[in-house]
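# Descriptive structure summary
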Amino acid sequence: MKEHSMKPISILVVEDHPFQQLYLQNLFSEIGQFHLQFAEEGSAALDCLKRHDFDLVLTDLLMPGMDGVQFIQG
């Protein structure tokens, strides 16, 4: 029987603080194989979504520029 390898879950993390980005990167690396991409604010996250499909999007709500609430509404 041929075993199928699943591709890692792709996650877009919209977070402007480097410490939180590092924390989430370490957290996800401890629990499994994930493809993480980071955007530092909402408009950059929208650009990422135009180029790639993600399985999950996590967003901070309070960010400079386009915040997480505006991003969700966009």
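Residues numbered from 1 in each chain as written. Predicted model: local features only at pLDDT ≥ 70, side-chain atom pairs only at ≥ 80, totals over all residues. Heavy atoms only, no water.

## Focus on the side chain of aspartate 60
Put simply, the rule reads: Each helix is a run of H or I in the DSSP string that is no shorter than four residues. Each strand is a run of E no shorter than two, and both are numbered from the N terminus. Three labels apply to residues, based on accessible area from a 1.4 Å probe with only protein chains included: buried if under 20% of the type maximum, exposed if over 50%, partly exposed otherwise in between. Charged residues are defined here as Lys and Arg on the positive side and Asp and Glu on the negative side; His and the ends of the chain fall outside this count. One speaks of a salt bridge when a side-chain nitrogen belonging to Lys or Arg is within 4 Å of a carboxyl oxygen belonging to Asp or Glu. Any two residues whose heavy atoms approach within 4.5 Å at even a single point are treated as in contact.
Looking at where aspartate 60 falls in the secondary structure, it is placed in the loop between strand S3 (56-59) and helix H3 (68-73). Arginine 51 is the oppositely charged side chain nearest to the buried, salt-bridge-free aspartate 60, at an N-O distance of 19 Å. Apart from the residues within four sequence positions on either side, aspartate 60 is in contact with Val14, Glu15, Asp16, His17 and Gly68.

## Section: the packing of aromatic side chains
To describe a pair of aromatic rings, one takes the distance between the centres and the angle between the planes. Note the following rule: What counts as a ring pair is set by centres within 6.5 Å for rings of Phe, Tyr and Trp (its six-membered ring), and what kind of pair is set by the plane angle: stacked under 30 degrees, edge-to-face over 60, tilted for all other angles.
Across all of its chains, the model carries one aromatic pair by this definition. Summarising the aromatic geometry, the rings of phenylalanine 28 and phenylalanine 34 are spaced 5.1 Å apart at their centres and angled 65° between planes, so their arrangement reads as edge-to-face. For phenylalanine 28, a relative accessible area of 11% corresponds to the buried category. Under the relative-accessibility criterion, phenylalanine 34 is labelled partly exposed at 25%.

## With respect to the nonpolar core
Filter applied, for reference: What is meant by a nonpolar core is a set of buried Ala, Val, Leu, Ile, Met, Phe, Trp, Tyr and Cys residues, joined one to another through side-chain atoms within 4.5 Å.
In this structure, Leu12, Val14, Ala39, Ala45, Cys48, Phe54, Met63 and Phe71 together form the largest nonpolar core, which totals eight residues. Of all elements in the fold, only strand S1 (9-14) and helix H2 (42-51) reach the threshold of two or more residues within this core. Once you skip the residues sitting within four places of it in the chain, phenylalanine 54 turns out to touch Ser10, Ile11, Leu12, Gln37, Cys48 and Leu49. The next biggest cluster of nonpolar side chains, apart from the first, holds five residues, and it includes Ile11, Val13, Leu24 and Phe28.

## Looking at a nonpolar patch on the surface
Going by this rule: Within this analysis, patches are made of residues with over 30% relative accessible area and no salt bridge. Like charges are joined at 9 Å or less; nonpolar side chains (Val, Leu, Ile, Met, Phe, Trp, Tyr) at 5 Å or less. The method behind every accessible area is Shrake-Rupley, applied with a 1.4 Å probe, and residues are considered shielded solely by the protein chains displayed.
There is a patch of nonpolar side chains on the surface, built from Leu61, Leu62, Val69 and Ile72 and spanning about 410 Å² of accessible area. Take isoleucine 72: it is sitting in helix H3.

## Some thoughts on the confidence of the model for the protein chain
As a reminder of what qualifies: In predicted models, pLDDT denotes the confidence assigned by the predictor to each residue on a 0 to 100 scale.
Summarising the model, the protein chain shows a mean pLDDT of 88, and 93% of its residues fall at 70 or more. Element-level pLDDT for the protein chain is lowest in H3, with a mean of 81, against a maximum mean of 96 in S1.

## Comments concerning H2
Quick reminder of the rule: Taken from the helix axis, the directions to the C-beta atoms give the arc we talk about.
Within H2 the residues assigned to the buried category are Gly42, Ala45 and Cys48. Around the axis of H2, the buried residues are gathered within 110° of arc, so they sit on the same side. Exposed side chains of H2 directed beyond 90 degrees from the buried face belong to Lys50 and Arg51.

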